[in-house]
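# Analysis of the macromolecular model
What follows is each chain in one-letter form.
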Amino acid sequence: MRARLKELWQARAPRERLVIAALAAIIAVTLYLWLLTSAGRARQQLTASVAVLQAQAARLDRDAGELLRLRGLPATPPTQGELRGLVQAQASAAGLASALQRIDTPDANQAQVVLGAAAFADWLELVAKLQAQRVRVDACRIEALSTPGLVSVTATLVRARPK
């Protein structure tokens, strides 16, 4: 094949060879510049990604340190009044004080909550705040009301036991 290409090349007139060589050089330079531009763009994107990933890694390191610190704290035994007060305070902070119909605390680590017409987003906010306080939803019944976005909630909340 190489001999065939050499034969084709030599069959061309010198002027044709010059034009073919010039076109080949232009194509090679264009391809090289295109590759450089693409590599530059990719490098910028990767540099930005590295910065984001470094920030996430730093945040994870801080969170891991905070987790170790919190695990090292002594657990305080909750009393029956504490869980009721915590649920009431968090419900008020989530804007659910008027919707809160009843809180029963059968024992120190459990509370049964009944909410009347409450915004679903506010209920989710309350659950998130309680989870941050190591209180989880054990059982829950949510019924949609006729007003869009409002629900009726009956839930059993349980305080997580220290490990």
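Above this text sits the structure in question.
Everything in this summary refers to the structure shown in the same document.

Analysis parameters
- Residues numbered from 1 in each chain as written.
- Predicted model: local features only at pLDDT ≥ 70, side-chain atom pairs only at ≥ 80, totals over all residues.
- Heavy atoms only, no water.
- Patch = residues over 30% accessible without salt bridge, like charges linked within 9 Å, V, L, I, M, F, W, Y side chains within 5 Å.
- Areas by Shrake-Rupley, 256 points an atom, 1.4 Å probe, with all protein chains shown as cover.
- Salt bridge = Lys/Arg side-chain N within 4 Å of Asp/Glu carboxyl O.
- Helix = DSSP H or I, 4+ residues; strand = E, 2+ residues; numbered from the N terminus.
- Pairing = 2+ DSSP bridges.
- Axes fitted to C-alpha atoms, helices over the stretch in contact; angles between N-to-C directions.
- Core = buried A, V, L, I, M, F, W, Y, C linked by side-chain atoms within 4.5 Å.
- Buried < 20%, exposed > 50% of the residue type's maximum accessible area, 1.4 Å probe, protein only.
- Contact = heavy atoms within 4.5 Å.
- Expected span 1.5 Å × (residues − 1).

A cluster of nonpolar residues, Val-29, Tyr-32, Leu-33 and Leu-36, forms a patch on the protein surface that exposes about 410 Å² of accessible area. Mapped onto the fold, Tyr-32 is located in helix 2 (residues 14-72).

Once that is clear, we can look at the pattern of salt bridges. If you walk through the whole model with that rule in mind, you get 6 salt bridges. Across the pair Glu-16 and Arg-12 runs a salt bridge whose closest N-O atoms are separated by 3.9 Å. Two residues, Asp-138 and Arg-136, come together in a salt bridge whose shortest N-O distance is 3.2 Å.

Taken together, the 4 strands give an open sheet; going across it, the order is 1-2-4-3, and neighbouring strands pair in antiparallel fashion. Two strands in the sheet have a free side with no partner beyond their single neighbour: strand 1 (100-107) and strand 3 (135-144). Neighbour to neighbour, the strand axes of the sheet diverge by 15 degrees on average, direction disregarded. Inspection of the sheet shows strand 3 paired to strand 4 (residues 150-159) by 9 bridges, in the antiparallel sense. Counted as the bridge partner of Val-137 is Leu-157 from strand 4.

Once that is clear, we can look at the nonpolar core. One finds Val-87, Leu-96, Val-113, Leu-115, Trp-123, Leu-126 and Leu-130 to be the most contacted residues of the largest nonpolar core, which totals 22 residues. Other than its neighbours up to four places away in sequence, Leu-130 contacts Leu-86, Val-87, Gln-90, Val-135 and Leu-157.

Next up on the list: helix 4 (residues 120-132). Between the first and last C-alpha of helix 4 there are 19 Å, a value that for 13 residues agrees with the 18 Å anticipated at 1.5 Å per step. One or two steps after helix 4, the chain reaches Arg-134, where phi turns positive at roughly 65 degrees.

Attention now moves to the environment of Trp-123. Mapping Trp-123 onto the fold places it in helix 4. Residues in contact with Trp-123, not counting those within four places in the same chain, are Leu-96, Leu-115, Cys-140, Ile-142, Val-153 and Ala-155.

Counting through the fold element by element, Gln-90 comes out in helix 3 (residues 80-93). Once residues within four sequence positions are removed from consideration, Gln-90 is found in contact with Leu-126, Lys-129, Leu-130 and Gln-133.

Here we come to the pairing of strand 2 (residues 110-119). Strand direction decides the pairing type here: strand 1 and strand 2, joined by 5 bridges, are antiparallel. Directly across from Leu-100, in strand 2, lies its bridge partner Leu-115. In textbook terms, the turn of a hairpin is the stretch between consecutive antiparallel strands, and for strand 1 and strand 2 this stretch comprises 2 residues. In this structure, strand 2 lies alongside strand 4, joined through 8 bridges in antiparallel fashion. Each residue of the ladder has a partner; that of Gln-110, found in strand 4, is Val-158.

With that settled, the discussion passes to the environment of Leu-115. Positionally, Leu-115 belongs in strand 2. For Leu-115, a relative accessible area of 1% translates into the label buried.

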